[in-house]
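Per-entry structural report
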Amino acid sequence: MTNTEIEVTAELVRDLLRDQHPDLADRPVRFGARGWDNQLWRLGDDLAVRLPWATESADALLRKEHTWLPVLAPGLPLPVPVPQRLGEPSERFPRPWTVTTWLAGTPADRAPVTRAAEAADALAAFLNALHRPAPDGAPAGRDRGGPLADYAEGFARALAAATGFGLLPDPDAVRAVWEDAVAAPGWTGPPLWLHGDLHPANVLTSDGTVCGVVDFGDLCAGDPACDLAAAWMLLPDGAADRLLDAYRPAADPAARRRARGWAVLKALGCALIGEAGVHGRPGGKPSWGPPARAALRRLTATARP
């Protein structure tokens, strides 16, 4: 991560709007959230302004969302933030930014799913709608959606770090899930549209179930097992099968094994970000730790599909 030298404030957001989208500049502006790549500022009741703040890659991710989300959003059964305007780099703020629709709800890392059946069905319907063959020119994944063996070094580093911090009661069981997933037959179908980053901070909940999906910066084309990891990352104990059984076309045993590997990889990464947050390290988010560790416990407690 990199630290921006420009402090993002409500006054800055209003100035940018006055310069490039003056018809929106009189709306109330208030802080919304600070994500991994972007800051989110509410703009009135129904819009939000997203500005890169910490990572160099955020600019390209925002432009990708602006290009593709308006195309995909109408076919999705869960609300997603749809880009409405694009702000170009300027002397005042030398990076692109966007105006999107605002979604109500609370990120699942702070308000976990409690209504397991409803959430599993909602996520399955969302993935059924999203996972369609991607067109030529669809974006490639940023370390997502390819063969799991390509990410073996990253897994090894994350496992070693999580073990060193004492986050894993049974590192060998985590390794066994990963090795089984890597050994599973690979995806042979066409590259499908993927969200690419379905972890609890990117899914919104209300009244115990899923009510929206945010942060499509990792939108890409690839193996749908990458997104099916949500069955363990987002749902309570015992609910993964309900999502996987409702997914269409049916997730075969190989897809389920690969999905478990993706879930282990994502959960390790989120657990380390949570640990960094507990100790106040840059980029750390303490709320990411508990759901990640719960996902690892679920994955290592169940036998291979």
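Our structure is the block above this text.
Just so it is clear, the structure is predicted and the values come from calculations on it, not from any experiment.

This part is about helix H1 (residues 10-20). Of all the residues in H1, the buried ones are Ala10, Leu12, Val13, Asp15, Leu16 and Leu17. Buried residues in H1 make contact with strand E1 (29-34), strand E2 (38-43), strand E3 (47-52) and strand E5 (97-101).

Once that is clear, we can look at the environment of Phe31. Residue position: Phe31 is located in strand E1. Linking Phe31 and Ala156, residues 125 residues apart in sequence, is a C-alpha distance of 38 Å. Setting aside residues no more than four positions away along its own chain, Phe31 makes contact with Gln39, Leu40 and Trp41.

Another aspect to go through is the sheet that holds E5. Taken in spatial order, the five strands line up as E1-E2-E3-E5-E4 in an open sheet, and their pairing is antiparallel. Strand pairing shows two members of the sheet lacking a second neighbour, E1 and strand E4 (83-87), which therefore form its edges. Here the average twist between neighbouring strands, direction ignored, is 25°. Of the strand pairs in this sheet, E3 and E5 are connected by four bridges, and their pairing is antiparallel. If you follow Arg50 over to E5, its bridge partner there is Thr98. On the sheet, helix H2 (residues 58-72) packs against E2, E3, E4 and E5 and is oriented at approximately 140° with respect to E4.

As a further point, take the side chain of His195. Within the secondary structure, His195 sits in the loop between strand E7 (192-194) and strand E8 (203-206). A polar contact is formed between the side chain of His195 and the backbone nitrogen of Asp197, at a distance of 3.0 Å. The residues contacting His195, other than those within four sequence positions of it, are Leu130, Asn202, Val213, Val214, Asp215, Phe216, Asp218, Leu219 and Asp227.

With that out of the way, let us pick up the nonpolar core. One finds Val80, Phe126, Leu243 and Leu268 to be the most contacted residues of the largest nonpolar core, which totals 75 residues. Dropping the residues within four chain positions of it, Leu268 is found in contact with Phe155, Ala158, Leu159, Ala162, Leu168, Val174 and Leu296. Among the nonpolar cores identified, the runner-up in size contains 17 residues, and Val8, Val13, Leu24 and Ala25 belong to it.

Procedures and definitions
In this convention, every chain numbers its residues from 1, walking through the sequence in written order. Given that the model is predicted, a residue must reach a pLDDT of at least 70 before its local features are reported, and side-chain atom pairs must reach 80 or more before they are shown or counted; all residues, however, enter totals for whole chains, interfaces and linings. Side-chain numbers here rest on the full set of heavy atoms in the structure, without hydrogens or water. Relative accessibility decides the category of a residue: with a 1.4 Å probe and only protein chains considered, values under 20% of the type maximum give buried, values over 50% give exposed, and everything between is partly exposed. Each helix is a run of H or I in the DSSP string that is no shorter than four residues. Each strand is a run of E no shorter than two, and both are numbered from the N terminus. The contact rule is simple, with two residues in contact once any of their heavy atoms fall within 4.5 Å. Here a strand pair is declared whenever DSSP counts at least two bridges between the two strands. Axis geometry follows a simple rule: fit a line to the C-alpha atoms, using only the stretch in contact for helices, then measure angles between N-to-C directions, giving values from 0 to 180 degrees. Here a polar contact is taken to be a pair of N or O atoms separated by no more than 3.5 Å, where protein atoms must pair a possible hydrogen donor with a possible acceptor and residues adjacent in sequence count only if both atoms sit in side chains. For this analysis, a nonpolar core means a set of buried residues of the types Ala, Val, Leu, Ile, Met, Phe, Trp, Tyr and Cys, connected via side-chain atoms within 4.5 Å.

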